[in-house]
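Here is how the chains run, residue by residue.
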Amino acid sequence: GLAKLDFRQVIAAAKEKVFPAVVFIKAVRETHESGKKLSVEVAGSGVLISPRGQLLTNWHVVDKAAEVRCLLSGGTYYDARILGIDKDTDLALLQLNLPETVEVPFAELGDSSSLEEGDFVMAMGAPWGLSRSVSIGIISCTKRHLPQISEYSLWLQSDASISPGNS
């Protein structure tokens, strides 16, 4: 028979694994309007994917950023530089400016091709510029096409609540 799983234990185990790798991101965009240089702060979330400080976030969080600062779960801030961006998939790869001897907690990436409609998923991030949060949902569609937004990608659609800043 199937072993009974307590859903709260499943959530707690996932949080314990991923929360230490969730990063709050503050990006400063510089714009020139009416002949004046303006700085605008944008907030978002990211996830560390290597012990040396590489992290994934959304392109829209760091688009046109002149400066990027990241707050780690332990309360430490690091500046980061953008290694690569992809507007179509709304992804950006950043690198924390870590001292040589420092390693950070990181989350392992899974294989999204194994997901099916109805599978449970969790969204973790730092919405509204606040402390970390978690929400739960299911995969609604595994091959969602978004015309005029992302012409060449198929997306996973979920009903997990994702607030502004959870990007």
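A brief report on the enclosed structure follows. (Residues numbered from 1 in each chain as written. Predicted model: local features only at pLDDT ≥ 70, side-chain atom pairs only at ≥ 80, totals over all residues. Heavy atoms only, no water.)

**Details of the pattern of salt bridges**
Working step 1: Using the criterion set out here, one finds four salt bridges in the structure.
Working step 2: Between lysine 37 and glutamate 30 there is a salt bridge, with the nearest N and O atoms lying 3.6 Å from each other.
Working step 3: Residue aspartate 79 is joined to arginine 69 by a salt bridge in which the shortest nitrogen-to-oxygen separation is 3.2 Å. Placement of aspartate 79 in strand β5 (residues 77-86) and of arginine 69 in strand β4 (residues 65-71) is noted, with a sequence separation of 10 residues between them.
Working step 4: For arginine 69, a relative accessible area of 29% puts it in the partly exposed group. (Salt bridge = Lys/Arg side-chain N within 4 Å of Asp/Glu carboxyl O. Helix = DSSP H or I, 4+ residues; strand = E, 2+ residues; numbered from the N terminus. Buried < 20%, exposed > 50% of the residue type's maximum accessible area, 1.4 Å probe, protein only.)

**Notes on the pairing of strand β1 (residues 22-33)**
Working note: regular strand, side chains alternate between the two faces of the sheet.
Working step 1: Two strands pair when backbone bridges link them, and β1 and strand β2 (residues 36-48) are joined in this way by 12 bridges, in the antiparallel orientation. By the bridge assignment, valine 22 is partnered in β2 with valine 47.
Working step 2: Between the antiparallel neighbours β1 and β2 lie two residues, among them serine 34 with a positive phi of about 55°. (Pairing = 2+ DSSP bridges.)

**Details of the environment of valine 18**
Working step 1: Mapping valine 18 onto the fold places it in helix α1 (residues 7-18).
Working step 2: A relative accessible area of 25% means that valine 18 is categorised as partly exposed.
Working step 3: Between the C-alpha atoms of valine 18 and leucine 48, which are 30 residues apart in sequence, the distance is 9.1 Å.

**Some thoughts on the side chain of aspartate 63**
Working step 1: With respect to the secondary-structure elements, aspartate 63 resides in the loop between α2 (59-62) and β4.
Working step 2: Polar contacts involving the side chain of aspartate 63 include one to the side chain of lysine 64, which spans 3.4 Å. (Polar contact = N/O pair within 3.5 Å; in protein donor to acceptor, adjacent residues only side chain to side chain.)

**Observations regarding the nonpolar core**
Working step 1: Core analysis: the biggest nonpolar cluster contains 19 residues, and Ile25, Leu48, Val68, Cys70, Leu72 and Leu96 have the highest contact counts within it.
Working step 2: If we ignore the near neighbours within four places in the chain, the residues touching leucine 96 are Leu48, Gly53, Leu55, Cys70, Leu72, Tyr78, Asp79 and Ala80. (Core = buried A, V, L, I, M, F, W, Y, C linked by side-chain atoms within 4.5 Å. Contact = heavy atoms within 4.5 Å.)

**Comments concerning α1**
Working step 1: Here α1 spans 17 Å end to end across 12 residues, near enough to the 16 Å set by a 1.5 Å rise per residue.
Working step 2: The N-cap residue of α1 is aspartate 6: its side-chain oxygen and the backbone nitrogen of arginine 8 are 2.9 Å apart. (Expected span 1.5 Å × (residues − 1).)

**Quick notes on unusual backbone geometry**
Working note: non-glycine residues mostly have negative phi, and peptide bonds are mostly trans.
Working step 1: With a phi angle near 60°, lysine 64 is a residue other than glycine that sits in the positive phi range.
Working step 2: Looking at the element boundaries, lysine 64 is found in the loop between α2 and β4.
Working step 3: Phi is positive for aspartate 90, which is not a glycine, with a value near 55°.
Working step 4: Relative accessible area serves as the criterion here: at 17%, aspartate 90 is assigned to the buried category.

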